[in-house]
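Overview (structure and organization)
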Amino acid sequence: MVTTTDSTQIVTTPNVQEHAQPSFKRWLKHSFYFQHTRRYFKPTDLKRIAVAVQQAECGHVGEIQVVIEGHLPCLQAYRQNTRKRAEQLFAEFGVWDTEYNSGVLLYLNLCERQVELIFDRGLQQATQQEVWDLICQDMVQQLSQKNYCEAVIQAIKKIGNILHQYDEINRIANVNERADAPVIIN
């Protein structure tokens, strides 16, 4: 699922909880999720992902932030789905806080096998919604085949290609405003 956000919108926990449908089933699933994120992504995989982000960010000012989370926090799982969690992390990690409003959050929730792409307002015209949705669908398909690292790297490359082709941000010198290493939340 892809969500666009205005960089002036601040997503807070109470605001997030207002929009998500409460779900006891989701809470139960996330409460008993014991498999750790490190099981799926070894340190060498994380380095490969960081290199992929660095390469994908070359030639434009788009900033890609990868967040991999094992499960939703138990206190939030009842009222918060993966889309709202991704919006919350987009705000918390300051992905919206780039000079040209060109931040992209690639969020992966391993418990739900859900992928969320959230991009800032400067990228709303970068491509059509179907292209962003296709990136998420391809990634979910690879995750179902247990190609975790490759799924993330391929998605990063596709996002980088979209950002590179987007004319408005290609005219500006490349400045790295965000760390390239993925954020792991267990």
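As shown above, the structure is provided for reference.
Heads up: these notes are all about the structure in this document. All figures in this text were calculated on a predicted structure; none of them were measured in a lab.

**Thoughts on the overall build of the protein**
Within the protein one finds nine helices and five strands. Shown N-terminal to C-terminal, the secondary structure of the protein runs as helices and strands in the order β-α-α-α-α-β-α-α-β-β-α-α-α-β. Considering only contacts within the protein whose residues lie at least 6 apart along the sequence, 77% involve residues at least 24 apart.

**Considering the nonpolar core**
The nonpolar side chains of a soluble globular protein tend to be buried with one another. Formed by 38 residues in total, the largest nonpolar core has its most connected members in Phe41, Ile49, Leu106 and Ile156. Mapped by element, the contributors of at least two residues to this core are helix 4 (43–56), strand 2 (63–69), strand 3 (103–109), strand 4 (114–119), helix 7 (129–144) and helix 8 (148–165). Contact partners of Ile49, with chain neighbours within four places excluded, come to Phe41, Val66, Ile68, Cys149, Val152, Ile153, Ile156 and Pro182. Val67, Val95, Leu105 and Ile185 belong to the second largest nonpolar core, which has 11 residues in total.

**Structural notes on the pattern of salt bridges**
Considering all chains together, one arrives at five salt bridges under this definition. One salt bridge connects Arg48 with Glu150, and the closest N-O pair in it is separated by 2.3 Å. Of this pair, Arg48 sits in helix 4 while Glu150 sits in helix 8, and the two are 102 residues apart along the sequence. Classification of Glu150 by relative accessible area gives partly exposed; the value is 32%. One network of salt bridges, in which partners are shared, links Arg83, Lys84 and Glu87.

Cut-offs applied
- Residues numbered from 1 in each chain as written.
- Predicted model: local features only at pLDDT ≥ 70, side-chain atom pairs only at ≥ 80, totals over all residues.
- Heavy atoms only, no water.
- Helix = DSSP H or I, 4+ residues; strand = E, 2+ residues; numbered from the N terminus.
- Contact = heavy atoms within 4.5 Å.
- Core = buried A, V, L, I, M, F, W, Y, C linked by side-chain atoms within 4.5 Å.
- Buried < 20%, exposed > 50% of the residue type's maximum accessible area, 1.4 Å probe, protein only.
- Salt bridge = Lys/Arg side-chain N within 4 Å of Asp/Glu carboxyl O.

These figures capture arrangement, not role.
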